[in-house]
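# What the coordinates show
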Amino acid sequence: MAVSKNDLPRIASQIERALSQLLRKHAFGIEAKAKALAPVDTGLLRNSVQTKIDGPLKATVGTNIEYAPYQEFGTRHQRGKPFLTPAADEQKKEFEKDVRNLERSLR
């Protein structure tokens, strides 16, 4: 009787690699959509939106511009002009579809 090799570590590594690629693809997709949706006066806000890859399965898309939250959420004096939230919401649908496709490919 032959002892079979345990493929779980290899499979887990392949899944993590595939998810990492999806994460990168969709994080940069959010960045592109947010830049397209950002209100433009000087272009500073739009140009400040960046993606930071924090690890194989973690990315952050955002801006460090001080007034960005006021643009996104508004103030008591003005309504917000959301750009990050709608970008993430729109990209989420595509991400979920790609994850489902990845899941199907593993069956």
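A few points on the structure.

## Looking at the overall build of the protein chain
Helix and strand counts for the protein chain come out as 4 helices and 2 strands. The order of helices and strands in the protein chain, counted from the N terminus, is α-α-β-β-α-α. Projecting the C-alpha coordinates of the protein chain onto the three principal axes gives extents of approximately 75 × 20 × 20 Å. Taking all 107 residues of the protein chain together, the buried fraction comes to 25%. For the protein chain, the proportion of contacts with a sequence separation of at least 24, taken over those separated by at least 6, is 50%. For the protein chain, the accessible surface area stands at approximately 8,000 Å², while carbon and sulfur atoms represent 54% of it. Treating the 19 positive side-chain charges of the protein chain as one cloud and the 13 negative ones as another, the clouds have centres 2 Å apart.

## Thoughts on the pattern of salt bridges
With the rule as written, the count across this model stands at 6 salt bridges. The closest approach of N and O atoms between Glu31 and Lys35, which form a salt bridge, is 3.1 Å. Residue Glu31 and its partner Lys35 are both found in helix H1 (residues 8-37); the two are separated by 4 residues, about one turn of the helix. Residue classification places Glu31 among the buried residues on the basis of a relative accessible area of 14%. For Lys35, a relative accessible area of 27% translates into the label partly exposed. In this structure, the salt-bridge partner of Lys92 is Glu96, at a minimum N-O distance of 3.9 Å. With a gap of 4 residues between them, Lys92 and Glu96 both fall in helix H4 (residues 84-106), about one helical turn apart. By relative accessible area, which is 49% here, Lys92 ends up partly exposed. You can call Glu96 partly exposed: its relative accessible area is 35%. Each of the salt bridges in this network shares a partner with another, and the network as a whole consists of Lys33, Glu90 and Glu94.

## Structural notes on the pairing of strand S2 (residues 58-62)
Here 5 bridges tie strand S1 (residues 50-55) to S2, and the two strands are oriented antiparallel to one another. Among the inter-strand pairings, Lys52 is bridged to a residue of S2, identified as Thr60. Linking two consecutive strands that pair antiparallel, namely S1 and S2, is a turn of 2 residues.

Rules used throughout
Residues numbered from 1 in each chain as written. Predicted model: local features only at pLDDT ≥ 70, side-chain atom pairs only at ≥ 80, totals over all residues. Heavy atoms only, no water. Helix = DSSP H or I, 4+ residues; strand = E, 2+ residues; numbered from the N terminus. Buried < 20%, exposed > 50% of the residue type's maximum accessible area, 1.4 Å probe, protein only. Contact = heavy atoms within 4.5 Å. Areas by Shrake-Rupley, 256 points an atom, 1.4 Å probe, with all protein chains shown as cover. Lys, Arg positive; Asp, Glu negative; His and termini not counted. Charge placed at Lys NZ, Arg CZ, Asp CG, Glu CD. Salt bridge = Lys/Arg side-chain N within 4 Å of Asp/Glu carboxyl O. Pairing = 2+ DSSP bridges.

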